[in-house]
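Observations on chain architecture
The lines below spell out each chain.
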Amino acid sequence: MAVFEYAPAPESRAVVDIASHYGLFIGGEFVESEDGKPFKSVNPATEEVLAEVTGAGPRDVDRAVRAARAAYEKVWGPMSGADRAKYLYRIARIVQERSRELAVLESLDNGKPIRESRDVDLPLVAAWFFSYAGWADKLGYAGFGPDPRPLGVAAQVIPWNFPLLMLAWKIATALACGNTVVLKPAETTPLTALAFADICRQAELPAGVVNIVTGAGGTGQALVSHGGVDKVAFTGSTEVGRQIAGSLAGTGRRLTLELGGKAANVVFEDAPLDQAVEGIVNGIFFNQGQVCCAGSRLLVQESVYDEVLGRLKRRMATLRVGDPLDKNTDVGAINSPAQLARIRELSEVGEAEGAERWSAPCAMPERGYWFPPTLFTGVTQAHRIAREEIFGPVLSVLTFRTPAEAVDKANNTPYGLSAGVWTEKGSRILWMAQRLRAGVVWANTFNKFDPASPFGGYKESGYGREGGRHGLEAYLAH
Amino acid sequence: MTTTDTLADVATSASALRRFLHGLPGVDQVGAEERAARLAARSVKATAKAFALDLAVSMVDLTTLEGQDTPGKVRALCAKAARPDPSDPAAPRVAAVCVYPDLVATAKRALAGSGVRVASVATAFPSGRAARAVKIADVEYAVAAGADEVDMVIDRGAFLAGDYLALYDEIGAVKEACGGAHLKVILETGELVTYDNVRRASWLAMLAGADFIKTSTGKVQPAATLPVTLVMLEAVRDFRAAVGRQVGVKAAGGIRAAKDALRYLVVVNETAGPAWLTPALYRFGASSLLNDLLMQRQKLATGHYAGHDYVTED
Amino acid sequence: MPTDNGSERVEVRKAYKLYIGGAFPRSESGRSYPVSDARGRFLANAALASRKDARDAVAAAYKAWPGWSARTGYNRDQILYRIAEMLEGRRDQFAAEVAAAEGLSRARAAAQVSAAIDRWVWYAGWADKLAQVLGAGNQVSGPFFNFSVPEPAGVVAAVAPRSSSLLGLVSVVAPVIVAGNACVVLAAEDRPLPAVSLAEVLATSDLPGGVVNILTGAVAEVAPWLASHFDVHGLDLAGVEDPALAADLERAAAGNLKRVLLPEREPDWTADPGLTRMRAFLEIKTVWHPVGI
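Quick look at the structure, then. Bear in mind the structure is a predicted one, so any value in this text is a computation, not a measurement. (Residues numbered from 1 in each chain as written. Chains lettered and ligands numbered in written order. Predicted model: local features only at pLDDT ≥ 70, side-chain atom pairs only at ≥ 80, totals over all residues.)

**Quick notes on the overall build of chain C**
For clarity, the threshold we go by: A run of H or I in DSSP counts as a helix once it spans at least four residues, and a run of E counts as a strand once it spans at least two, with each numbered from the N terminus. In this setup the radius of gyration rests on C-alpha atoms only. A globule is expected at 2.2 Å times the number of residues raised to 0.38. Exposed residues have 12 or fewer other C-beta atoms within 10 Å of their own C-beta, buried residues have 20 or more, and partly exposed residues fall in between, where C-beta atoms are placed from the backbone.
Across its full length, chain C holds 10 helices and 10 strands. For a compact globule of 293 residues, the expected C-alpha radius of gyration is about 19 Å, and chain C comes in at 20 Å, within 12% of that figure. In terms of its C-alpha atoms, chain C occupies a principal-axis envelope of roughly 90 × 35 × 35 Å. In chain C, which comprises 293 residues, the share counted as buried stands at 53%.

If you want it as structure tokens, here you go:
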């Protein structure tokens, strides 16, 4: 038998120029902090420090909000939709032009495989700006009245799992609707947002329309609670979302939240099994499972349990874990030691509660933060790993007997972001899709995103939609 | 999926065979093509590339299937098959030369002692539209002329009409006529159209005794594609799991670039598994592919891009 | 009205009770509170709903919601229209109650009742149109069929406007249920009688029990239990006039991330309602499916 090992195929780092230090992007230029503390952004695959980044303090945040307000009142608010569109198209084009650089930077800072940053994140980032650019001069046709108005200054706090893509979802929509923004990227993944600041300058976007304040939770808190913002948008954990919702009570400020999930991926006995296995793998190991809509609960019909599990394990054994910049890597690094600790902790809970753990046999690098693709069998609804979001490459496998039981189990969670259904029977797909309480139902596919497709959750997965015509609602007065 | 015992029963009647084939899991076209595209994005570099290029050369069924084929043409092809790169004796020989039955004897003589096998198309290639007796006679002629391998075409009409048992019997009869020759069963996937059909036809051929399942005649478009090969590789993988017998796969037609060949090898590696990475179980039916593989070999060896005048044209 | 023997007829008064799960219970607490007209004259004792009544109402709504949301739009359309029909037949009664509650002239009260009836008719028609107006076929860049449909959020708790005892109440309840949600509504605290009478209309309009549950009582006492209840998915604060209470309720609602509709500053219940109140308690569900052979 021949051994066909792929030699290392690393994407070149030379396309990226990382500065040793970054200031805050306020009012169209990089400025130093007035009251913040610097912090370091680390490559999770190597633990190498990539850059020193500025942690914005409350005064910095205030400066950014005022810059956004001034830009809103003087430039961006009064600007015609057609002109706003042209700026967004410019940004989309520059993202396409600098796409490889941004993909490498994203993989360095986040730990995700270059295959994903290159083939998923960046194409979607460009598409998002392109798509929403087209909305800027057509808002009157979007169903929110003949002349819908922007809200003003939007405070946007985004997570570390899709740093640039979440930025695009937030900024493209806000800007298309005529708002200006202050955006805070996640503490562990600030670099592509800072690169985006440079893209804004290349596009000659008017100063203050986009402001980027880097920092940790305190910066985010200062931003979302700032009295000068009209709108808060947050993507992240349900726990923080809950706090933000509570803290905004009584302010009248508009809020949209895109939070956690514990999606069920339901596989029926008549599923296209090979594609279902791909969908299961893509559902939970895409981006190391650090995806709010990850299909983290596999519900398999008992009659095909053994077969699906056998195929799944065989497939998981072919996953290539390692260097995110290697073009052949399927599963990269966990984003941070804190996240790794959480994944480990919940996995240990899974074992302690009696579920059986199986991890794909794979060698992992010595340095960096790694967790092997893992599944748990013997899981029931009563296990914590079936209820709590792990946000890692850990799949809980449960079984069901009838469609109604599948629906009951799938819906039996406070979350409601996404769900998957696998069956070749069309009427059953629609029956399931009607009953699954989730904002996105992927039938015979999983983890698909598109700027024309609304995304967002039911229940504790948050409120508001991003994408499509529905995404505009969050940034328009109506 | 199914145990050997139940598989023994599946062809006992037309209804049993139909039930079995239609009970196979469906194939979602979009998902299958997505998977193939993702595997195609694998990057094969350096030593892995050198290994894969040599492996690919050794898997080529160097083919000429033209009305204008002559003994001279076939002899030239055989020379190339035995010694693909005159400038590099280390270049592996190809797996087989594939010709029409009437040229088998010529090829056999030309390849004597070379280790290169002779494959013959048969059963009223490429359409398969002839009486059973004529098809069997076609096979017997090729085998008598010395063919080591027989590439039969299935009766797509029978398959599409749902006459699975007739097709099963026909493949069985051809297998018997082959004697010791290896039987490759050409599904002509371009005429089967759907992946569901490809999966069923794959199982049908394997159940009937195929040693290899082969995508295409090369006379119909589309011929071999990556996703269709993926689906067939899933079938041989599952067939082994069910029955224990390893059936080979041959992707034929339309594969011209070394880069594409490497993609097929990645799909073989990650679908059926490394056990299939041998000429005994995986083949490329091609002609111009060989020269591109050789040029890529030369590029790896010399460090500069190779020229078309530095590989042989026959 | 004079009787045969010349004395005034002693009228039969109505007991004003709660409306929970299609039944008319008293408060489990046994409490009631006096309700006066706009000039302070005693009208009736209304049930003073308790925390447990709120719990029971939510339980009834939670139970009714799946069946209600599974009905066809056409069916919900007809039932809401039926409510209008029933209300139309009792115009005079409602005009009298609204006049008493709000201190309006009979003519202005009648106008409010007319507007309330018309509002039911207006919302009824939305039942089978929301998916077309709020849904979408999404043109994604790939071989996928992708569509978005609105779906009810679930159980919505509402505090009815204090100012507009019938029209305001209808304006809050109708948009919630037309889309398939179930509703627990806290009637205007000091003008609850039209709400209880509306319950009688609802009970005779083919509306399944539990789809609308009406509580009367103290907003400050009951609303927090609704706002914090984890089987409640949406909260309409239309009638909460105290900003501090509204903020408290909004904070409580954050516990399970309820969709919250904030009170308007100066609501005009006679104005065109628009889509806002329906949209507030609808989820958008997007379904993807590959397109292939």
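Next comes the rest of the account.
**A short note on the overall build of chain B**
Definition in use: Throughout, a pair of residues is in contact if the C-beta atoms placed from their backbones lie within 7 Å.
When you go through chain B residue by residue, the secondary structure sums to 14 helices and 8 strands. By the compact-globule yardstick of 20 Å for 314 residues, chain B fits well, its C-alpha radius of gyration being 19 Å. For chain B, the C-alpha atoms occupy an extent of roughly 60 × 45 × 30 Å along the three principal directions. Each of the 314 residues in chain B was classed as buried or not, and the buried ones make up 56%. Taking the intrachain contacts of chain B between residues at least 6 apart in sequence as the baseline, contacts between residues at least 24 apart amount to 75%.

**Structural notes on unusual backbone geometry**
With an omega of 0°, the peptide bond between Phe125 of chain B and Pro126 of chain B qualifies as cis. Omega for the peptide link from Gln221 of chain B to Pro222 of chain B comes to -5°, which places this bond in the cis form. Relative to the helices and strands, Pro222 of chain B resides in the loop between strand E6 (212–214) and helix H12 (226–243). In the Ramachandran plot, Asn444 of chain A falls in the positive-phi region, its phi being about 55° despite a non-glycine side chain. Structurally, Asn444 of chain A is set in the loop between strand E18 (440–443) and strand E19 (462–463). By the C-beta count within 10 Å, which is 24 here, Asn444 of chain A ends up buried. Located in the positive-phi region is Ala46 of chain B, a residue other than glycine, with phi close to 50°.

**What to know about the interface of chain C and chain A**
Just so we agree on the cut-off: Here, a strand pair is defined by DSSP locating no fewer than two bridges between the strands.
Counting residues at the interface gives 28 residues for chain C and 34 residues for chain A. Those elements giving two or more residues to the side of chain C that touches chain A turn out to be strand E4 (144–152), helix H9 (243–253) and strand E10 (282–290) of chain C. In terms of residue count, E10 of chain C provides more of the side of chain C that touches chain A than any other element does, 8 residues in total. Here E18 of chain A pairs with E10 of chain C via 3 bridges, running parallel. Looking at E10 of chain C, one finds that Trp442 of chain A is bridged to Trp288 of chain C.

**Describing helix H13 (residues 258–271) of chain B**
All names here are of chain B. Under the convention used in this document: To estimate how far a helix should extend, the number of its residues minus one is multiplied by 1.5 Å.
The terminal C-alpha atoms of H13 lie 20 Å apart, and with 14 residues this matches the ideal 20 Å at 1.5 Å per residue to within 8%. Extensive coverage of H13 is indicated by the burial of 13 of its 14 residues. The positive-phi residue at the C-terminal boundary of H13 is Gly273, with phi of around 115°.

**Observations regarding the sheet that holds strand E1 (residues 21–22) of chain A**
Residues and elements named next belong to chain A. Reading across the sheet, the 3 strands line up as E1-E5-E4 and stay open at both edges, with mixed pairing between neighbours. One side of each edge strand has no neighbouring strand; the edge strands of this open sheet are E1 and strand E4 (38–43). As paired elements, E4 and strand E5 (residues 48–54) share 6 bridges and run antiparallel to each other. When the bridges of E5 are listed, Lys40 appears paired with Glu52.

**Digging into the packing of helix H1 (residues 51–70) of chain C against helix H8 (residues 219–228) of chain C**
Angle between the axes and distance between the axes are the two parameters that describe a pair of packed helices. Residues and elements named next belong to chain C. Put simply, the rule reads: Only C-alpha atoms enter the line fits that serve as axes; for helices the fit covers just the stretch in contact. Angles between N-to-C directions range over 0 to 180 degrees. Working definition: roughly parallel below 35 degrees, roughly antiparallel above 145 degrees, roughly perpendicular at 65 to 115 degrees, and oblique for all remaining angles. Each crossing gets its hand from how the near helix is turned against the far one by less than a right angle, where anticlockwise is left-handed and clockwise is right-handed. Residues are grouped as follows: Ala, Val, Leu, Ile, Met, Phe, Trp, Tyr, Cys and Pro are nonpolar; Asp, Glu, Lys and Arg are charged; all remaining types, including Gly, are polar.
Following both chains from N to C, one finds H1 and H8 inclined at 40°, their axes separated by 9 Å at the closest point. Put simply, H1 runs oblique to H8. Crossing hand, H1 versus H8: right-handed. Contact residues: Arg51, Ala54, Arg55 and Val58 in H1; Val222, Trp225 and Leu226 in H8. Among the residues making up the contact of H1 with H8, the classes are represented as 5 nonpolar, no polar and 2 charged.

**Concerning the interface of chain B and chain C**
Each side of the interface is counted separately: chain B has 5 residues, and chain C has 5 residues. Along the lines of polarity and charge, the residues of the side of chain B that touches chain C split into 1 nonpolar, 3 polar and 1 charged.

**A few points about the sheet that holds strand E6 (residues 182–186) of chain C**
Residue and element names in this part refer to chain C. Here we have 5 strands laid out as an open sheet, ordered E7-E6-E5-E8-E9, and parallel in their pairing. Single-partner strands in this sheet number two, and they are strand E7 (212–215) and strand E9 (259–261). On average, each strand axis in the sheet is tilted by 15° relative to the strand beside it, whichever way the strands run. Relative to E9, strand E8 (residues 234–236) runs parallel, the two being bridged by 3 bridges. The residue of E9 that forms the bridge with Leu235 is Val260. Running at roughly 155° to E6, H1 makes contact with strand E5 (155–159), E6 and E7 of the sheet.

**What about the nonpolar core?**
Short version of the rule: Here, a nonpolar core means buried Ala, Val, Leu, Ile, Met, Phe, Trp, Tyr and Cys residues linked by C-beta atoms lying within 7 Å of one another. Each domain span listed reflects an automatic or database assignment of domains.
Ranked by internal contacts, the top residues of the largest apolar core, which has 275 residues, are Leu88 and Phe129 of chain A together with Ala158, Ala160, Val173, Cys183 and Val185 of chain C. Shared between two domains, this core holds at least three residues of each, these being domain 1 (13–259 + 458–477) and domain 2 (264–443) of chain A. Leave out the neighbours within four places in its chain, and Cys183 of chain C touches Ala61, Val156, Ala158, Val173, Val176, Ile177, Val211, Val212 and Asn213 of chain C. Listed in part, the 109 residues of the second largest apolar core include Val44, Ala223, Leu262 and Leu265 of chain B.

**Overview of the pairing of strand E5 (residues 182–186) of chain B**
Residue and element names in this part refer to chain B. Most of E5 is tucked away: 4 of the 5 residues are buried. Bridging between E5 and E6 involves 3 bridges; their strand directions are parallel. In the sheet register, Ile186 faces E6, and the bridge partner there is Lys214.

**Digging into the environment of Leu65 of chain B**
Note that Leu65 of chain B resides in the loop between strand E1 (60–63) and helix H5 (71–82). Those residues in contact with Leu65 of chain B that sit more than four places away from it in its chain are Tyr100, Val121 and Gly218 of chain B.

**A closer look at the environment of Glu366 of chain A**
Assignment of secondary structure puts Glu366 of chain A in the loop between strand E14 (356–359) and strand E15 (374–377). Through-space distance from the C-alpha of Glu366 of chain A to that of Ala45 of chain A is 9.4 Å; in sequence the pair is 321 residues apart.

**Here's the deal with the pairing of E5 of chain C**
Residues and elements named next belong to chain C. Among the 5 residues that make up E5, 5 are buried, leaving the element largely enclosed by the rest of the structure. Bridging between E5 and E8 involves 3 bridges; their strand directions are parallel. Residue pairing in the sheet places Val156 in a bridge with Gly234 of E8.

**Notes on H12 of chain B**
The end-to-end C-alpha distance of H12 of chain B, which contains 18 residues, comes to 25 Å, matching closely the 26 Å that a straight helix rising 1.5 Å per residue would cover. The buried count for H12 of chain B comes to 14 of 18 residues, which makes it a mostly enclosed element.

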